[in-house]
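An overview of the molecular structure
These are the residues of each chain, in order.
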Amino acid sequence: MAASDKHMLLPALAAALLCFCALAPVAQCGGGGAAPPQNYTSMFSFGDSLTDTGNLLVSSPLSNHIVGRYPYGITYFHRPTGRCSDGRLVVDFLAQAFGLPLLPPYLQSKGKDLRRGVNFAVGGATAMDPPFFQEIGASDKLWTNLSLSVQLGWFEQLKPLLCGSPKKCKEYFSKSLFLVGEIGGNDYNYAFFKGKTLDDAKTYVPTVAGAVTDATERLIRAGATHLVVPGNLPMGCSSAYLTLHPGRNGTDYDAAGCLKTYNDFAQHHNAVLQQKLQVLRAKYPQARIMYADYYGAAMSFAKNPKQFGFTQGPLRTCCGGGGPYNFNPKASCGVRGSSVCTDPSAYANWDGVHLTEAAYHAIADSILNGPYTSPRLL
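Each value, and the rule that gives it
Per-chain numbering applies: the sequence of each chain, read as written, is numbered from 1 onward. Owing to the predicted nature of the model, reporting of local features is limited to residues with pLDDT of at least 70; listing and counting of side-chain atom pairs is limited to 80 or more, with chain, interface and lining totals taken over all residues. Only hydrogens and water are set aside when side-chain values are computed; all heavy atoms of the structure are taken into account. Strands here are runs of E lasting at least two residues and helices are runs of H or I lasting at least four, both read from the DSSP assignment and numbered beginning at the N terminus. Relative accessible area decides the class of each residue, using a 1.4 Å probe on protein chains only: under 20% of the type maximum gives buried, over 50% gives exposed, and in between gives partly exposed. In this description, accessible areas are obtained by the Shrake-Rupley approach with a 1.4 Å probe, and a residue is regarded as covered only by the protein chains that are shown. For this analysis, a salt bridge means a side-chain nitrogen from Lys or Arg found within 4 Å of a carboxyl oxygen belonging to Asp or Glu. For helices, the fitted axis covers only the stretch in contact; all axes are lines through C-alpha atoms, and the angles between them, taken along N-to-C directions, range from 0 to 180 degrees. If an angle is under 35 degrees, it is roughly parallel; if it is over 145, roughly antiparallel; if it lies from 65 to 115, roughly perpendicular; otherwise it is oblique. Contacts were defined at the residue level, with two residues in contact if any of their heavy atoms lie within 4.5 Å. Throughout this entry, Asp, Glu, Lys and Arg are counted as charged residues, while Ala, Val, Leu, Ile, Met, Phe, Trp, Tyr, Cys and Pro are counted as nonpolar. The remaining residues, Gly among them, count as polar. For two strands to be treated as a pair, DSSP must find at least two bridges joining them. To count as a disulfide, a pair of cysteine sulfur atoms needs to be within 2.5 Å. The span expected for a helix works out to 1.5 Å for each residue beyond the first. To qualify as a nonpolar core, a set must consist of buried Ala, Val, Leu, Ile, Met, Phe, Trp, Tyr and Cys residues joined through side-chain atoms within 4.5 Å. Every residue is assigned a pLDDT by the predictor, reflecting its confidence on a scale from 0 to 100. Only centres within 6.5 Å qualify two rings of Phe, Tyr or Trp (six-membered ring in Trp) as a pair; their planes then separate them into stacked at under 30 degrees, edge-to-face at over 60, and tilted for everything else. In this scheme, the term charge over a ring applies when either NZ of a lysine or CZ of an arginine sits within 6 Å of the ring centre and within 35 degrees of the ring normal.

1. Concerning the overall build of the chain
- The number of helices and strands found in the chain is 13 helices and 8 strands.
- A total of 378 residues make up the chain; the buried ones form 61% of that total.
- Carbon and sulfur atoms make up 52% of the accessible area of the chain, which amounts to about 14,500 Å² in all.

2. Observations concerning unusual backbone geometry
- Of the consecutive residues Y70 and P71, the connecting peptide bond is found in the cis state with omega at 10°.
- Within the fold, P71 resides in the loop between α2 (55–59) and α3 (90–97).
- With an omega dihedral of -5°, the bond running from S374 to P375 counts as a cis peptide bond.
- Looking at the element boundaries, P375 is found in the segment after β8 (373–374).
- Here the phi dihedral of H78 falls at roughly 65°; this positive angle occurs in a residue that is not glycine.

3. Structural notes on the pattern of salt bridges
- Per the stated rule, a full pass over the model turns up 7 salt bridges.
- The closest approach of N and O atoms between D113 and R115, which form a salt bridge, is 2.9 Å.
- A relative accessible area of 51% places D113 in the exposed class.
- Between R218 and E156 there is a salt bridge, with its nearest N and O atoms 2.9 Å apart. Of this pair, R218 sits in helix α9 (residues 205–221) while E156 sits in helix α5 (residues 148–163), and the two are 62 residues apart along the sequence.
- Judged by relative accessible area, E156 falls into the partly exposed class, the value being 34%.
- Put simply, E217, R221 and K283 are held in one network by salt bridges that share partners.

4. Points about the packing of α5 against α9
- At a minimum axis distance of 10 Å, the contact between α5 and α9 shows a crossing angle of 10°. The pairing of α5 with α9 is recorded here as roughly parallel in orientation. Listed contacts from α9 to L148, S149, L152, G153, F155 and E156 of α5 are A211, V212, A215, R218 and L219.
- The residue inventory of the contact of α5 with α9, partitioned by class, reads 7 nonpolar, 2 polar and 2 charged.

5. A few points about the sheet that holds strand β3 (residues 176–180)
- Across the sheet, 6 strands lie side by side as β2-β1-β3-β4-β5-β8; this open sheet has mixed pairing. Single-partner strands in this sheet number two, and they are β2 (117–119) and β8.
- The sheet contact formed by strand β5 (residues 288–292) and β8 spans 2 bridges and is antiparallel. Bridge assignment links A292 to a residue of β8, and that residue is T373.

6. A closer look at the state of the cysteines
- All told, the structure shown has 4 disulfides when counted by the stated rule.
- One disulfide in the model links C318 with C341; its S-S distance is 2.1 Å. With the S-S bond torsion at -90°, the cross-link from C318 to C341 turns out left-handed. Separated by 23 residues along the polypeptide, C318 in the loop between α12 (294–303) and β6 (319–320) and C341 in the loop between β7 (339–340) and α13 (357–369) bring together distant segments of the chain.

7. Remarks on α9
- Between its first and last C-alpha atoms α9 spans 24 Å; for 17 residues at 1.5 Å apiece the expected length is 24 Å, and the two agree.
- Burial analysis of α9 places 12 of its 17 residues in the buried class, which makes it a mostly covered element.
- Trailing α9 by a residue or two, G223 shows a phi angle of about 120°, which is positive.

8. Side note on the nonpolar core
- Membership of the largest hydrophobic core comes to 84 residues, with the highest contact counts inside it found for F44, F46, F120, F173, F178, L219 and L227.
- With 8 residues, the single largest contributor to this core is α9.
- Those residues in contact with L219 that lie beyond four places of it in its chain are F46, L152, F155, F178, V180, A224 and L227.
- Among the nonpolar cores identified, the runner-up in size contains 35 residues, and L179, L355, Y360 and I363 belong to it.

9. Points about the confidence of the model for the chain
- When the pLDDT values of the chain are averaged, the result is 89; 89% of them are 70 or greater.
- Long-range and interchain partners of residues 1–18, a stretch whose pLDDT sits below 50, account for 41 contacts in this model, where long-range means more than four residues apart.
- Here residues 20–37 scores under 50 on pLDDT; set against residues more than four positions off or in separate chains, the count is 63 contacts.

10. A look at helix α7 (residues 185–193)
- Here α7 lies mainly inside the structure; 9 of its 9 residues are buried.
- By the burial criterion, the buried members of α7 are G185, N186, D187, Y188, N189, Y190, A191, F192 and F193.
- Two residues or fewer after α7 comes G195, characterised by a positive phi angle close to 90°.

11. Thoughts on the packing of aromatic side chains
- Scanning the model with the defined rule gives 27 aromatic pairs in all.
- Measuring from ring centre to ring centre gives 5.7 Å for Y72 and W350, while their planes differ by 80°; the resulting arrangement is edge-to-face. Of this pair, Y72 sits in the loop between α2 and α3 while W350 sits in the loop between β7 and α13, placing them 278 residues apart in sequence. Side by side, Y72 and W350 carry an identical accessibility label, which is buried.
- With centroids separated by 5.6 Å and ring planes inclined at 55°, the aromatic side chains of F155 and F173 adopt a geometry described as tilted. Highlighted residues: F155 in helix α5 and F173 in helix α6 (residues 166–173), separated in sequence by 18 residues.
- A residue is classified by how much of its surface remains accessible, and F173, at 0% relative accessible area, is buried.
- Ring pairs connect the aromatic residues F44, F46, Y106, F120, W154, F155, Y172, F173 and F178, which therefore count as one cluster.
- Over the aromatic face of Y76 sits the side chain of R88, whose NZ or CZ is 3.8 Å from the ring centroid.

Written out as structure tokens, the structure is:
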């Protein structure tokens, strides 16, 4: 693909990434699932479109032509809810596993009782604040200024209404689960939109991972005891990246058909994040800081899709506008020229950037009952 062609395609990819960010039947982890009862009485989540349950729709009219339209939401809700998928996300399955209601988006929560939890995540959000993107010359690519620190500010504004005094808050949050992300993928994507190289992006990793761990520490200081911090998904398995940045020859791809260099980059971010979380664990031994390996969970079905019921493979999208991976940035999911598959559960990839409900279900099951959370969640 010529450089000029890539430049032409980026705006459409950026539109799809408003919802993001960076993929057999599985044991039910929600709605009467196999997970044992837990004592969490509330849940709070932060992040980007992998976790957003509707904040983007309120905060940005630019999103209305994507997540606010059919076929988003067709599988479970049977209508668009602002989730960047055909149905539920990991955060939804976790809430259901612990007997909690699906978390209402903060920007749509006026007048609601939020004592059982709320979702602060916003599609397109970043770990870093806008000045970082100004510094690297990518501020014009930002879709939202509602970064992780803004979301934490919302939480701190809400805190007095949830529990009042410090003593009551300590008791209340000791029974709460905090999901700190996934976030950070957009920080790198916006840099790539601006033409930054993988080597450029690697220099940002300590800063981006540091923002995630700083947020985790801020929540611990606010009283959080149980925190799940996810790593990034394998971006090299994203059909958007596979389409826009194809390899030059077969050696650029792994056995699953994913781009090695971009997956190596995601693993590098995750390794740095885990190192920083280990420092936090030593500093706050009273807190349970759990790393959720979204990368490993997603690669398990990228390598063995049929074992998870993904008969259409891990890379081709359910909703798209054609091309080798059914990802066409000129006809992305939800806009004219795209179409949706008849069975989203046969696909891991929903729209080229985000995953299907079935894939999110598999990830949630893996971090609840499998080996992909350290220390174990259950």
